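# Commentary on secondary and tertiary structure
Here are the chains, one letter per residue:
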Amino acid sequence: MVQTKTLPDRPLGIALIGTGFMGKCHAMAWRNVAAVFGGAHHRLEILSDATPESAKKFADQFGFARATARWDEAVTDPKVDVVSITAPNGMHRPMAEAALKAGKHVWLEKPMALTLADAEAMAATAAAHAGQATMLGYNYLRSPAFQSARNMIRDGVIGRPLAFRGVYDEDYSADPLLPWSWRMTHEGGGLGALGDLGCHLVSHMLALMGPVTELVAQTQVAIPTRPSPEGPKPVENEDSALAMLRFASGAQGSFATSRVARGRKCRLQWEVHGSEGTIVFDQENMNELWLHRAGEAGFTRHLTGPDQPDFAAFCPAPGHNFGFNEQKVIEARDLLAAIAGGPNVGPDFAQGLEIEKIIPAMAASNGSTIRIERVTR
């Protein structure tokens, strides 16, 4: 089923900061959102990257009208209405706050910030500029299979949720010869596997199970130094983390994430045990959802199709598969719907604080129980 939402009736001006993996995803989403969901075709006004040469190159490739090496020019440009930020983590706060203060809507890639204090300040800035919509880039929340699973749990298909078990593993840092980078520092990258991967798992966990009240966790730096032209440099943030959690509902949970898990590419995998059944999902097989209900012998495979949220907007035929970049198109649609005055399904900056409170708590736990206070709005 297609989720019909009211979208802006005039073209908006778009600025993009950053041209890496996620920068290209944002550019493709902005180019495709009107083709998929209707509404105005938005203007790709200005692209910013680290050097004039790379900014010009990618502005031409992505279809932006102008290029600049100064991000402050992009966020204050009078022709810009929305700023997409896909820059390194350490730049998220100054860029997002500058864009909000300039009257722009903001689409910001996760993690929200390097520290909880930064995230709280960003949420406060967003609250002070309530006329601007904010969106955090938790694209895995948009897959039709995940949306269907969330609806099933909400509708009581598996009864009362009793337990959540989740894992997000990749192996992009498993090679000990991988060169040192800013991503492995607190100043440039913030948290490690927790900030890069684990926050996605937390976003799923909260959407399915509700708020967390307490947790206990441990982290590990599996490869303590990395090679660099200046010699070995220390890895400051975690390669992996494990946690046990308690939800406000009384349900329990387990959590694991690693960036050094050999053979794992995008294992965002979870299962929810309910009093009347179980739901299982794995992002590496994102077009399958497995459901067991009490009294059945085993699990039933549900393939993605037009009966699941948003799938039909891309394809009318079941089993024809959905992809990573399509999730970003849905995310762009949801931001546009919020800009047009509809509800912000988020996570916006206020909702993002729920995630931001949990991730640093896991990093700080070191085997001790930490209580999680709810974010007040």
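Here, the structure is the one placed above.
Everything in this summary refers to the structure shown in the same document. Source: prediction; values computed, not measured.

### What to know about the packing of aromatic side chains
Using the criterion set out here, one finds 10 aromatic pairs in the structure. Between Tyr140 and Tyr168 the ring centres are 6.1 Å apart and the planes differ by 85 degrees, which places this aromatic pair in the edge-to-face class. With Tyr140 in the loop between strand S6 (134-136) and helix H6 (144-154) and Tyr168 in strand S7 (residues 161-169), the pair connects residues that are 28 residues apart, well separated along the chain. An identical accessibility class is assigned to Tyr140 and Tyr168; each is buried. Clustering of aromatic rings is evident, with ring pairs tying together Phe21, Tyr140, Tyr168 and Phe324. Note that Arg333 overlies the ring of Phe37, its terminal NZ or CZ placed 4.5 Å from the centroid.

### Considering the packing of helix H7 (residues 193-209) against helix H9 (residues 349-365)
Packed helix pairs are specified by the crossing angle of their axes together with the interaxial distance, meaning the distance between the axes. With their axes 9 Å apart at the nearest point, H7 and H9 run at an angle of 125 degrees to one another. Relative to H9, H7 is oriented oblique. As for how H7 packs across H9, the hand of that crossing is right-handed. Taken together, the residues of H9 that come into contact with H7 (itself represented by Leu194, Gly195, Gly198, Cys199, Val202, Ser203 and Leu206) are Glu354, Ile355, Ile358, Ile359, Met362 and Ala363.

### Digging into the sheet that holds strand S2 (residues 43-48)
An order of S3-S2-S1-S4-S5-S6 is seen for the six strands of this open sheet, with the pairing classed as parallel. If you trace the sheet from one side to the other, it starts and ends with strand S3 (66-68) and S6, each paired once. Shown here is a sheet whose adjacent strand axes are inclined to one another by a mean of 15 degrees, direction ignored. Strand direction decides the pairing type here: S2 and S3, joined by three bridges, are parallel. From the neighbouring strand, Ser48 faces S3, where its bridge partner is Thr68. Strands in contact with H9 are strand S5 (105-108) and S6; relative to S6, the strand with the most contacts, it is inclined by about 30 degrees.

### Observations regarding the nonpolar core
Among the nonpolar cores identified, the biggest contains 100 residues, and Phe349 and Met362 are the most heavily contacted of them. For Met362, the residues in contact, after removing those within four places along its chain, are Leu194, Val202, Leu215, Ala217, Thr219, Ala243, Leu245 and Phe255.

### Describing unusual backbone geometry
The peptide bond linking Lys110 to Pro111 adopts the cis configuration, its omega dihedral lying at -10 degrees. Examined against the element boundaries, Pro111 turns out to sit in the loop between S5 and helix H5 (116-128). Cis geometry is found at the peptide bond from Gly346 to Pro347, where omega equals 5 degrees. Looking at the secondary structure, you find Pro347 in the loop between helix H8 (324-339) and H9. In this structure, Asn321 is a non-glycine residue whose phi angle is positive, near 75 degrees. Mapping Asn321 onto the fold places it in the loop between strand S16 (300-303) and H8. Phi angles above zero are rare outside glycine, and Asn366 is one such case at about 50 degrees. Of note, Asn366 is situated in the loop between H9 and strand S17 (369-371). Taking the relative accessible area as the measure of exposure, Asn366 reaches 64% and is therefore exposed.

Reading the values: rules and limits
Residues numbered from 1 in each chain as written. Predicted model: local features only at pLDDT ≥ 70, side-chain atom pairs only at ≥ 80, totals over all residues. Heavy atoms only, no water. Phe/Tyr/Trp six-rings, centres within 6.5 Å; stacked < 30°, edge-to-face > 60°. Helix = DSSP H or I, 4+ residues; strand = E, 2+ residues; numbered from the N terminus. Buried < 20%, exposed > 50% of the residue type's maximum accessible area, 1.4 Å probe, protein only. Lys NZ or Arg CZ within 6 Å of the ring centre and 35° of its normal. Axes fitted to C-alpha atoms, helices over the stretch in contact; angles between N-to-C directions. Parallel < 35°, antiparallel > 145°, perpendicular 65-115°, else oblique. Left-handed = near helix turned anticlockwise from the far one by under 90°. Contact = heavy atoms within 4.5 Å. Pairing = 2+ DSSP bridges. Core = buried A, V, L, I, M, F, W, Y, C linked by side-chain atoms within 4.5 Å.

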